[in-house]
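Here's the letter readout for the chains.
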Amino acid sequence: MSGLLTLRGMSRDGLEDLLDRAQDLAAQQRPGERGAGRTVTTVFFEPSTRTRLSFEKAAHLLGAHVMSFAPERSSTSKGESFKDTILTLTAMDTDVFVVRHWLADAAELTAVWSGRPVVNAGVGRREHPTQTLIDALTLRQRFGHLDGLRMAIVGDVRNSRVARAHLAAFPTLGVELTLVGPTPFLPTSDPWGARTTTDLDAELGDMDVIYLLRIQRERGAATGIPSDGGYARRFGMNQERVSMLKPTSVIMHPGPINRGLEIDGAVADGDRSLILEQVANGVPVRMAVLSAALEGEQ
Ligand code: CP
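On a predicted model such as this, the values are computed, not experimentally measured, just so you know.

Trainee: Explain the overall build of the chain here, please?
Mentor: Helix and strand content of the chain: 11 helices and 10 strands. In summary, the chain has a C-alpha radius of gyration of 19 Å against a globular reference of 19 Å for 298 residues, a match within 12%. Along the three orthogonal principal directions, the C-alpha set of the chain runs to about 55 × 45 × 35 Å. Buried positions account for 54% of the 298 residues belonging to the chain. Considering only intrachain contacts with a sequence separation of at least 6, the fraction spanning at least 24 residues in the chain is 73%. For the chain, the distance from the average position of its 33 positive side-chain charges to the average position of its 36 negative side-chain charges is 3 Å.

So this is what it looks like as structure tokens:
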């Protein structure tokens, strides 16, 4: 494997191999040595809590050195370009790059400039592949299978790289996706291959998974949508909506969450919520992806 830029086009076997590898690592709960003598460099041009720290913990657990690049305390602030930054970090013997950036091409460009495996940690609106793997593992652990599950992805779908990564992989894994939100948040035509609807309440009783998204104001999401109060009334997950779900249905969110907007605090903290299980699975999934990338690089 030469890094992980996208889940699009990956086979079911390829996806399941990564999930199996992550499941084994989660069960082991102990450091490995696959990364000994190797360097993983995280390059995050956008803020992150879960993704950056879980990649860095995963790299440490694999025994790798970690270099953590943050533009605000780097020579980027003196005018150094993205390309020169990548060339500089490559010259410091980076074996694998982990890249988050507002630019949709940033991971591909890093791969071209560095000639090293690159893991996409969320670029522009394009894709957030490891988040989808985390969510697939979390669901497989909960339900014992993925085939036949029905998931509603609710909220700011149009700006969401998580939604795009889900659309790239979950149908391959047998999960049926429905996109739910106000019209400005939904794809304009049907290039994404999923059913869309603006009526969340009509979907609740049929879904196994309600997957909530944050409104991405930093990507211009605020125009043309209801006020925060209006959004919460139509699309927010509250206790009344939880009571409309099947007894086995679960609630997920990639984080960070906005309590009181897309999800009520009591629901986020409630027994249907898998949010912290998603976070916990970040480390073994990213260990699996990094170890595959390091093997591919040898
Ligand atoms: N889910 C996710 O990508 O969270 P962070 O932005 O905190 O990394």
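Trainee: Would you mind showing me how to read the sheet that holds strand β1 (residues 3-4) here?
Mentor: Note: strands within a sheet are paired through backbone hydrogen bonds, in either parallel or antiparallel orientation. Strands sit in the order β1-β5-β4-β2-β3 across an open sheet of 5 strands; the sheet is parallel. If you trace the sheet from one side to the other, it starts and ends with β1 and β3 (65-69), each paired once. Relative to strand β4 (residues 96-101), strand β2 (residues 39-44) runs parallel, the two being bridged by 5 bridges. Counterpart to Phe 44 in the pairing with β4 is Arg 100.

Trainee: Would you mind going over the site of the ligand with me for this structure?
Mentor: The environment of the ligand is made up of Ser 48, Thr 49, Arg 50, Thr 51, Arg 100, His 128, Gln 131, Pro 254 and Gly 255. Separating an oxygen atom of the ligand from a side-chain N or O atom of Thr 51 is a distance of 2.6 Å. Within the complex, the protein chains bury 91% of what would otherwise be the 250 Å² of accessible surface of the ligand. Here the shell around the ligand is composed, by residue class, of 1 nonpolar, 6 polar and 2 charged.

Trainee: Explain the packing of helix α1 (residues 12-28) against helix α5 (residues 129-143) to me, please; I cannot follow it from the model alone.
Mentor: Two numbers describe a pair of packed helices, the interaxial angle and the distance between the axes. Between α1 and α5, whose axes approach to 10 Å, the crossing angle comes to 70°. The orientation of α1 relative to α5 falls into the category roughly perpendicular. Crossing of α1 over α5 shows right-handed handedness. Contacts between α1 and α5 pair Leu 15, Glu 16, Leu 18, Leu 19, Asp 20, Ala 22 and Gln 23 from the former with Leu 133, Ala 136, Leu 137, Arg 140 and Gln 141 from the latter. Along the lines of polarity and charge, the residues of the contact of α1 with α5 split into 7 nonpolar, 2 polar and 3 charged.

Trainee: Looking at this structure, I do not really get helix α2 (residues 50-61). What am I missing?
Mentor: In an α-helix, one turn spans 3.6 residues, which is why side chains three or four residues apart end up on the same side. Look at α2: 16 Å from first C-alpha to last across 12 residues, which is about the 16 Å you get at 1.5 Å a residue. Buried residues of α2: Thr 51, Arg 52, Ser 54, Phe 55, Glu 56, Ala 58 and Ala 59, and no others. Within two residues after α2, Gly 63 carries a phi angle of roughly 90°, on the positive side.

Trainee: Just to check I follow, could you spell out the pattern of salt bridges for this structure?
Mentor: Once the charged atoms of two side chains with opposite charge are near each other, the side chains can pair. Summed over all chains, the structure comprises 15 salt bridges. Among the salt bridges present, the one from Arg 21 reaches Glu 295, with a minimum N-O distance of 3.1 Å. Here the residue Arg 21 occupies a position in helix α1, and Glu 295 occupies one in helix α11 (residues 275-297), the gap between them amounting to 274 residues. Residue Glu 46 is joined to Arg 161 by a salt bridge in which the shortest nitrogen-to-oxygen separation is 2.9 Å. Of the two residues, Glu 46 is situated in the loop between β2 and α2 and Arg 161 in helix α6 (residues 161-169); the sequence distance between them amounts to 115 residues. Linked by salt bridges that have partners in common, Arg 12, Glu 16 and Asp 147 make up one network.

Parameters at a glance
Residues numbered from 1 in each chain as written. Predicted model: local features only at pLDDT ≥ 70, side-chain atom pairs only at ≥ 80, totals over all residues. Heavy atoms only, no water. Helix = DSSP H or I, 4+ residues; strand = E, 2+ residues; numbered from the N terminus. Rg over C-alpha atoms; globule rule 2.2 N^0.38 Å. Buried < 20%, exposed > 50% of the residue type's maximum accessible area, 1.4 Å probe, protein only. Contact = heavy atoms within 4.5 Å. Lys, Arg positive; Asp, Glu negative; His and termini not counted. Charge placed at Lys NZ, Arg CZ, Asp CG, Glu CD. Pairing = 2+ DSSP bridges. Near = heavy atom within 4 Å. Polar contact = N/O pair within 3.5 Å; in protein donor to acceptor, adjacent residues only side chain to side chain. Areas by Shrake-Rupley, 256 points an atom, 1.4 Å probe, with all protein chains shown as cover. Nonpolar A, V, L, I, M, F, W, Y, C, P; charged D, E, K, R; others polar. Axes fitted to C-alpha atoms, helices over the stretch in contact; angles between N-to-C directions. Parallel < 35°, antiparallel > 145°, perpendicular 65-115°, else oblique. Left-handed = near helix turned anticlockwise from the far one by under 90°. Expected span 1.5 Å × (residues − 1). Salt bridge = Lys/Arg side-chain N within 4 Å of Asp/Glu carboxyl O.

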